[in-house]
Amino acid sequence: MSNHTIYKNEKGKRTILDYYEKYLAELELDLDRVFVETSFGKTHVLVSGPKDGRPIFIFQGGNCINPMTLSWFLPLLENYRIYAPDTVGHPGFSEEARISARDESFAQWISELMAHFHIERSAFVGPSYGAGIILRLAAFMPEKIACSVLVSPAGIQLGSKLEMIGKILVPLMLFKISGSGRQINKIANNMSGHSMKEIDKEVLGNIFQYVKLEQEMPKLTEKTELVNYTAPTMVIAGQKDVFFPEKKIQKAAKEIIPNLTNYQSLDMGHFPSQKHLKEINYKIKEFLHLHYK
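Residues numbered from 1 in each chain as written. Predicted model: local features only at pLDDT ≥ 70, side-chain atom pairs only at ≥ 80, totals over all residues. Heavy atoms only, no water.

Peer 1: Tell me about helix H5 (residues 161-178), and name the residues and values.
Peer 2: The end-to-end C-alpha separation of H5 is 24 Å, in line with the 26 Å expected for 18 residues at 1.5 Å each. Where H5 bends most, at Leu169, the angle is about 35°, and the proline Pro171 comes one to four residues later. Along H5, the positions that sit buried rather than exposed are Met164, Ile168, Pro171, Leu172 and Phe175. On the buried face of H5, the contacting elements are helix H6 (181-192) and helix H7 (198-210). If you check the start of H5, you find a side-chain oxygen 3.3 Å away from the backbone N of Leu162, and it comes from Ser160. Of the residues trailing H5, Gly179 is marked for its positive phi of about 70°. (Helix = DSSP H or I, 4+ residues; strand = E, 2+ residues; numbered from the N terminus. Expected span 1.5 Å × (residues − 1). Bend = angle between axes of the 7 residues up to and from the residue. Buried < 20%, exposed > 50% of the residue type's maximum accessible area, 1.4 Å probe, protein only. Contact = heavy atoms within 4.5 Å. Polar contact = N/O pair within 3.5 Å; in protein donor to acceptor, adjacent residues only side chain to side chain.)

Written as structure tokens, this is what we have:
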């Protein structure tokens, strides 16, 4: 395998990509699959929604597969043209070599994707790592963003390291030693408040087994980086989020984001339940109706 591969072996790569296809098939979407050549290698993009709809870019969470987090926002496909790229350096069909989430690399990558689709400005939605990517664009190319929605966002503030070690890293280490499904269930429950779908547990278990995990979070955004960022922004944070808890996100978001027009605190974990997703999509649609003209 290539020195730049994120997979531990070819079997693991095939397993993850098979899950990608299975997940995509279950979504039953009418979509195009486009490969875009960028400075950072080829990028696989899922494109769906009405062709005359206003564009929204949706970025996947870290260390998962694009169809998984895209499935959270399917109601947006009713009115908007959705562009969902497989993040380079993460599981999926894009280039496997990782790029830094601490400098302008992701901003340049997004700019090249937008240019390919002839889009000058767009709305952006990102859960977790995907939100951190959007904040890199806000820091370096804020003019590209018409408005943005950051869900359980990376790039703003981190939770307790001790809590992450106890609830995520220790069970992960035990899983790598034993391969026990019990440890995957423990991680899934701690991430989702006991609401994660079985297929998502399967995907995460295989990613933990077969992928060299991305361990570097996106850079924590500084207030000075967003002085030129004026796009309306909504943040949705979970009170039980082990990675980015609401109580820390709220204070930091209000300090660093100049036009934080909507802040939502929900009683959820890092992975929203189906009930929370209904509420999230309702609130996103309201936000877009007001701010994406």
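Peer 1: Just give me the short version of empty space enclosed by the protein, but keep the residues and values in it.
Peer 2: In this structure the tally under the stated criterion is one cavity of 30 Å³ or more. Its volume calculated, the largest cavity comes out at about 60 Å³. A breakdown of the residues in the lining of the largest cavity according to their chemical character gives five nonpolar, three polar and two charged. (1 Å grid on protein atoms, 1.4 Å probe; cavity = no way out; pocket = protein on both sides within 12 Å on 5 of 7 lines; lining within 4 Å. Points joined across faces, edges and corners; volume = space filled by probe spheres on them. Nonpolar A, V, L, I, M, F, W, Y, C, P; charged D, E, K, R; others polar.)

Peer 1: Let's hear about the sheet that holds strand S2 (residues 41-48): which residues, and what values?
Peer 2: Reading across from one edge, S1-S2-S4-S3-S5-S6-S7-S8 is the order of the eight strands in this open sheet, with mixed pairing throughout. Of all the strands in the sheet, the pair left with one neighbour each is strand S1 (31-38) and strand S8 (260-266). Here the strands of the sheet are splayed against their neighbours by 20° on average, with no regard to which way each runs. Relative to strand S7 (residues 233-238), strand S6 (residues 145-151) runs parallel, the two sharing four bridges. Bridge assignment links Ser148 to a residue of S7, and that residue is Thr233. Sheet contacts for helix H1 (residues 10-27): S1 and S2; angle to S1, the most-contacted strand, approximately 140°. (Pairing = 2+ DSSP bridges. Axes fitted to C-alpha atoms, helices over the stretch in contact; angles between N-to-C directions.)

Peer 1: So what about the pairing of S8? Which residues, and what values?
Peer 2: As paired strands, S7 and S8 are joined by six bridges and run parallel to one another. If you follow Met234 over to S8, its bridge partner there is Asn262. Regarding the hand of the β-α-β motif, the stretch spanning S7, helix H8 (residues 246-256) and S8 is right-handed. (Right-handed = clockwise from strand over helix to strand, strands pointing away.)

Peer 1: Outline unusual backbone geometry, listing residues and values.
Peer 2: A positive phi angle, close to 55°, is found at Asn63, a residue other than glycine. Looking at the element boundaries, Asn63 is found in the loop between strand S3 (54-58) and helix H2 (66-70). Look at His194: it is not a glycine, yet its phi comes out positive at around 65°. Within the secondary structure, His194 sits in the loop between H6 and H7.

Peer 1: Explain H1 to me, and be specific about the residues and the numbers.
Peer 2: Count 3.6 residues to each turn of an α-helix, and residues three or four apart come out pointing the same way. End to end, H1 covers 26 Å across 18 residues, agreeing with the expected 26 Å (1.5 Å per residue, within 8%). By the burial criterion, the buried members of H1 are Gly12, Thr15, Ile16, Leu17, Tyr19, Tyr20, Tyr23, Leu24 and Leu27. The inward-facing, buried residues of H1 abut S1, S2, H2 and H7. For H1, the N-terminal cap is Asn9; the gap from its side-chain oxygen to the backbone nitrogen of Lys11 is 3.3 Å.

Peer 1: Any details on the packing of H1 against H7? Residues and values, ideally.
Peer 2: At their nearest, the axes of H1 and H7 sit 9 Å apart, and the two run at 160° to each other. As summarised for this structure, H1 and H7 are arranged roughly antiparallel, according to the angle between their axes. When the axes of H1 and H7 are compared, the crossing they make is left-handed. Within the contact between the two elements, H1 uses Lys11, Gly12, Thr15, Ile16, Tyr19, Lys22, Tyr23 and Glu26 and H7 uses Ile199, Asp200, Glu202, Val203, Asn206, Ile207 and Tyr210. (Parallel < 35°, antiparallel > 145°, perpendicular 65-115°, else oblique. Left-handed = near helix turned anticlockwise from the far one by under 90°.)

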